[in-house]
Amino acid sequence: MHTAYSQRRRVVGLLVSLLTVAFSLGFAAPAHAESGYRYWSAWAQKDGAWAFATKAAAQLTPADGSVDGWRYQVSATVAPAPRSTMAFDAICAETPAADGKKRVGLVLDFGRAIDAADPAAQIPAPAAYCVVAEPDATSADVLALATEVREDNGMTCAIAGYPAKGCGDPVAELPAGAAAGEEPVDVAVLAIGTAPGAGAPATSSAPTSSAAPSTSAASAAPTTAASSSPTSAEKDDEGSSFPWGLTLALAAALALAVAAYVLNRRKPRPVTPEVTRQPKVIMADEPTLPADDDTTRRS
Amino acid sequence: MTTGRPMLPRLLHPLAWWAWGVGLAVIASRTTNPVLLLLVITSAVLVTVARQELGTPNVLRVFLILGLFIIAFRLVMAIVLGAGIRGRTVLFTLPEVPLPELFSTIRVGGPVTAERVLYAVYDALQLTAILVAIGAANALASPRRVLRYLPATLYDLGTAAVVALSYAPQLADDALRVRAARRLRGHDGRSVREVARLTVPVLDSSLERSLELAASMESRGYGRAVHRSIGRRRVGSALTVVGTLGAVIGMYGVLVPQTDQTAALGLPLLLGGAALAGAALFVGARRDHRSAYRRDPWKWPESVVLLVAVLPAVLLVVIGDWEGAGLATSVQPLAWPTVNPWVVLVLLLPALAAFVTPMPPARAEAMGAPA
């Protein structure tokens, strides 16, 4: 006989087994491939070697004379560091110290061919900047002062326009050789406002040929300084094309709003029946009123 | 209730309006472009103003005010608290409040950037648009009318929902009544002690009235106990549980970014779960015959209303990632929202619902009667 108790136990058992099946389906990691992420990692130079940044860039305040590094790579758990440990003196040799401000070195490593998501993309050459900033500027501020940054909800997606799309995207399978040993590269020291030079295109090279042009200074920049000027933080317009879509949308919204207003004005109010009013109480010192029906009076 | 021509004055099938509202909400949830969201909000307001039945409470106004409050609240939070988006265009700087090391991730005060403010406003505007869409559906087709179309297997849910929906208005009603009674007895109805004395009788009487409503619904056949065999009832319950679980897990799989592990959890599981849940309803309803008393007809205006909201929603879901659609407005770097004219035209479709639907009866009468 099925008692209520045994029925309940059966139902509970069924539920539990279903739940286990569902969860194991979802969370059993497939053992054949390792997945990772493709993102910009932040580093700080300590004693000539790179240390992974312990906090988010917006919460770290680099000291005067320190060097920050950023590296774009694809990795699962351990991210590779920027491939050059340039010292502060080498980066800021040509930038004099300013009163009341600090100088922070910044090294940008855009990664190898294997780190790029888009095989046809042009990977910029590694660049270094000497940034003169306010004493309380955070690492994020220092980066923003040197070059263009694209962020999404607090996470740094692109630096100097690289990569053009995506933000910390997951990678289903790490490409072969991603964790291979890396050769150090030469880094060009650029003035603030110059874009990093064009590096090797992603498709052409084997993983070890990370030879970037080791030219120096502003002659490495093929693009004009104005395109990456940190002062152009205004809303940029799209050149000379008339914003058809925007005008159309605003005109449509205005038309709808006006139509709604007009319809609201013309909407008939619900007709309420006449409420019988209480007869007015006549006080002694008030003048006596003519004996009219109250409902015909409009006071 | 007319069975004649579809465009004669009548109330539209409530599910049509609710499908329209949900479609509009889906459209709003796919974009953070402020211009497109503005279009969604004005469409919802226009259709409500054009087709709301006379005498129904103006629910949309409540949702609009709530939406404005949400935007104001997010704006204040973005200005005062400093975490999250950092921008470069500083608007003004608030004095920073030093916090102990424990709260180093929170920053109160400091420079207020245009990027942060705009991000908060866009996000809040999206939520407002979703609320306004649901509010419009609420105003056009009262939820109580929708409850009639709940499948027979879910009659428990239906009764509970009706009780819940009628609880709050009756609470307000009762509060006013009890307060008037106390004032008649000479107490001042406003002090804190008064409010404390009000609570118990008000809660008690409103609960009692809600239960009376539930009992009257049950006596009218809403809560009829169906004599099905034990086996069929168990099959129905098991299908419901498995189906709902599957649908929930599938929804999770669809919403998270797709990786290897979640690919199996996504759309297949969602569709399978939904199918199972639907089968459960079907199994349960087969032996429960409801009388078709004054059913709302489903004619072509209903189908049109459904299409004008569902088609744009599906379109936006499909072209979501495409850059040219202008659905996502970039805040960093700061830029004017790009708007695709074709997307604008598609988003004007839901507003058509104001013109292809019949006028509600009381409103048609009031408009037709000589002033």
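Here goes a summary of the coordinates provided. (Residues numbered from 1 in each chain as written. Chains lettered and ligands numbered in written order. Predicted model: local features only at pLDDT ≥ 70, side-chain atom pairs only at ≥ 80, totals over all residues. Heavy atoms only, no water.)

**Quick look at the overall build of chain A**
Going by this rule: Each helix is a run of H or I in the DSSP string that is no shorter than four residues. Each strand is a run of E no shorter than two, and both are numbered from the N terminus. We call a residue buried when its accessible area falls under 20% of the maximum for its residue type, exposed when it is over 50%, and partly exposed in between, using a 1.4 Å probe and counting protein chains only. Contacts between residues were defined by any pair of non-hydrogen atoms, one from each residue, lying within 4.5 Å. Only the protein chains shown count as covering a residue, and every accessible area follows the Shrake-Rupley method with a 1.4 Å probe.
When helices and strands are tallied, chain A shows 4 helices and 11 strands. Counting over 299 residues, chain A shows a buried share of 35%. At a minimum sequence separation of 6, the contacts of chain A that also span at least 24 residues come to 74%. As displayed, chain A has an accessible area near 18000 Å², and 59% of this comes from carbon and sulfur atoms.

**Some remarks on the nonpolar core**
For clarity, the cut-off: Side-chain atoms within 4.5 Å are what join buried Ala, Val, Leu, Ile, Met, Phe, Trp, Tyr and Cys residues into a set we call a nonpolar core.
Formed by 56 residues in total, the largest nonpolar core has its most connected members in B:W17, B:W20, B:L36 and B:L39. Within the residue set of this core, elements represented by two or more residues are α4 (244–266) of chain A together with α1 (14–29), α2 (34–51), α3 (59–80), α4 (114–140), α11 (300–318) and α12 (341–347) of chain B. Leaving out residues up to four positions away in the same chain, B:L36 has contacts with B:T31, B:G326, B:L327, B:V339, B:V343, B:V344 and B:L347. A:V104, A:A127, A:A133 and A:V142 belong to the second largest nonpolar core, which has 26 residues in total.

**Looking at the packing of aromatic side chains**
Quick reminder of the rule: Note on ring pairs: Phe, Tyr and Trp rings are taken, using the six-membered ring of Trp, and paired if centres are within 6.5 Å. Classes follow the plane angle, with under 30 degrees stacked, over 60 edge-to-face and the rest tilted.
Applying the stated criterion across every chain yields a total of 7 aromatic pairs over all chains. Taking 5.8 Å as the distance between ring centres and 80 degrees as the angle between the ring planes, the aromatic pair formed by A:F110 and A:Y162 counts as edge-to-face. Placement of A:F110 in the loop between β4 (102–109) and β5 (122–124) and of A:Y162 in the loop between β8 (155–159) and β9 (169–171) is noted, with a sequence separation of 52 residues between them. As far as the burial class goes, A:F110 and A:Y162 line up, both buried. When the centroid spacing of 5.6 Å and the interplanar angle of 85 degrees are considered together, the rings of B:W17 and B:W20 count as edge-to-face. With B:W17 and B:W20 both in helix α1 and 3 residues apart, the pair spans about one turn of that helix. Here B:W17 and B:W20 have matching classes, each one buried. Joined through ring pairs, the aromatic side chains of A:W40, A:Y72, A:F110 and A:Y162 make up one cluster.

**So, α4(A)**
Put simply, the rule reads: For a helix, the expected span equals 1.5 Å multiplied by the number of residues minus one.
End to end, α4(A) covers 33 Å across 23 residues, agreeing with the expected 33 Å (1.5 Å per residue, within 8%). Within α4(A), burial applies to A:G245, A:L246, A:A249, A:A252, A:A253, A:L256 and A:A260. Structurally, α4(A) contributes buried residues whose contacts are with α2 and α12 of chain B.

**Focus: α3(B)**
Residue and element names in this part refer to chain B. Just so we agree on the cut-off: Note that the arc is defined by the directions from the helix axis to the C-beta atoms.
If you check α3, its first and last C-alpha atoms are 32 Å apart, about what 22 residues at 1.5 Å a residue would give, namely 32 Å. All of the buried residues in α3 are L60, F63, G67, I70, I71 and A78. Taken down its axis, α3 places every buried residue within 95 degrees of arc, on the same side. Facing away from the buried side of α3, by more than 90 degrees, are the exposed residues R61, V62, I65, L68 and F69.

**A look at unusual backbone geometry**
Residue and element names in this part refer to chain A. The step from Y162 to P163 runs through a cis peptide bond, and the omega angle for that step is -5 degrees. Within the element layout of this structure, P163 appears in the loop between β8 and β9. A positive phi angle is found at A160, which is not glycine, with a value near 55 degrees. Within the element layout of this structure, A160 appears in the loop between β8 and β9.

**Overview of the state of the cysteines**
Working definition: the covalent bond between the sulfur atoms of two cysteines is a disulfide. Residues and elements named next belong to chain A. Just so we agree on the cut-off: Cysteine sulfur atoms are paired as a disulfide whenever they fall within 2.5 Å.
What the rule picks out here adds up to 2 disulfides over all chains. Two residues share a disulfide in this structure: C92 and C130, whose sulfurs sit 1.9 Å from each other. Negative torsions about the S-S bond denote left-handed disulfides, and the value of about 100 degrees found for C92 with C130 makes this one right-handed. Of the two residues, C92 is situated in the loop between α2 (88–91) and β4 and C130 in strand β6 (residues 127–133); the sequence distance between them amounts to 38 residues. For the residue pair C92 and C130, the accessibility class agrees, reading buried in each case. With a sulfur-sulfur separation of 2.0 Å, C157 is cross-linked through a disulfide to C167. Taking the sign of the S-S torsion, about -75 degrees here, the bridge from C157 to C167 comes out left-handed.

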